[in-house]
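For reference, the chains in residue letters:
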Amino acid sequence: MQRSRARLTCLILALVVSGCMRTAAPVAVMDNGSLDAIAYGPVQPVRAVSVATTPVAPGDGALDEPYRLNAGDRLRIVVYGQEGLTNTYMVDASGSITMPLIGAVRARGLTPAGLAAAVTSRLKNGYLREPYVAAEVETYRPFFILGEVTAPGQYPYVPNMTVESAVAIAGGFTPRAQRSSIKLTRMGEAGTVQAVVPPGTLLKPGDTVVVAERWF
């Protein structure tokens, strides 16, 4: 009887020992990226997107016309092979430039290329057989900014200026400025054009910017 009990005791001890030594179950290990993918789905790569930042001014298409000369523009006129004619010329109050030999040539309303063609035509008329003329703007006429800015007035034009940069040059908005109502006036080929424009609108020489006053 005692032998049976001893055998039973040994059997129980053997079962307990074998249970304690059993191999632990495997544990899954994931990095943070895998956990994020499980929780939120796979991460898509981000692409750089190029965005156009130059808004188109609303209103008449004359706001987008090519640049036309007017009083105050300073031009560099080059007549190849003719040093006496090659020089810097100012468009005067009458809208003309005055050159040797040919005298006054009307520039107002013409593009620089159009003025070069006009000078070429005049030189061909009894002065030069085959003149080659180029014209470019050396200094643009100023722009004007009025209304609710700190220092309204006349300022030199710089290429690629916007309405926003014009306001900055004039000292910024006053506290009473209506920033959503900025009026641009431009002389076009067909006459004066006005439009309410966004701050990023490109300016042209001779433009007038008016910042309205808010009433509340």
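In case you missed it, the structure is sitting above this.
Residues numbered from 1 in each chain as written. Predicted model: local features only at pLDDT ≥ 70, side-chain atom pairs only at ≥ 80, totals over all residues. Heavy atoms only, no water.

> Outline unusual backbone geometry, listing residues and values.
Backbone geometry places Leu101, a non-glycine residue, at a positive phi of 70°. Its location among the elements puts Leu101 in the loop between strand S3 (96–99) and strand S4 (103–106). Phi at Asn160 is positive, roughly 70°, even though this residue is not glycine. Topologically, Asn160 is positioned in the loop between strand S7 (153–155) and helix H4 (163–169). (Helix = DSSP H or I, 4+ residues; strand = E, 2+ residues; numbered from the N terminus.)

> Tell me about the nonpolar core, residues and numbers included.
Ranked by size, the top nonpolar core spans 20 residues in total, and within it Ile77, Ile97, Met99 and Leu115 carry the most contacts. Breaking this core down by element, the ones donating at least two residues are strand S1 (74–79), S3, helix H3 (112–124) and strand S5 (133–139). Among the elements that take part in this core, H3 stands out by supplying 4 residues, more than any other. Every residue in contact with Ile97, bar those within four places of it in the chain, is listed here: Leu75, Ile77, Tyr89, Met90, Val91, Gly103, Ala104, Val105, Ala107 and Leu115. (Core = buried A, V, L, I, M, F, W, Y, C linked by side-chain atoms within 4.5 Å. Buried < 20%, exposed > 50% of the residue type's maximum accessible area, 1.4 Å probe, protein only. Contact = heavy atoms within 4.5 Å.)

> Break down the pattern of salt bridges for me, citing the residues and quoting the values.
Taken as a whole and assessed by the stated rule, the structure comprises 3 salt bridges. For Glu213, the salt bridge identified is with Arg176, shortest N-O distance 2.9 Å. Highlighted residues: Glu213 in strand S10 (residues 208–213) and Arg176 in the loop between H4 and strand S8 (177–188), separated in sequence by 37 residues. For Glu213, a relative accessible area of 28% translates into the label partly exposed. Taking the relative accessible area as the measure of exposure, Arg176 reaches 37% and is therefore partly exposed. (Salt bridge = Lys/Arg side-chain N within 4 Å of Asp/Glu carboxyl O.)

> With reference to specific residues and values, describe the sheet that holds strand S2 (residues 87–90).
Hydrogen bonds along the backbone pair up the strands of a sheet, which may run parallel or antiparallel. Ordered by their spatial adjacency, 3 strands build an open sheet running S2-S1-S5, and the pairing between neighbours is antiparallel. Among the strands making up the open sheet, the edge pair consists of S2 and S5. Each strand of the sheet is rotated relative to its neighbour by a mean of 30°, with strand direction disregarded. Judged from the 4 bridges that link them, S1 and S2 form a sheet pairing that is antiparallel. Bridging across to S2, Leu75 finds its partner in Tyr89. Across the sheet, H3 touches S1 and S5, and the angle it forms with S5 is around 135°. (Pairing = 2+ DSSP bridges. Axes fitted to C-alpha atoms, helices over the stretch in contact; angles between N-to-C directions.)

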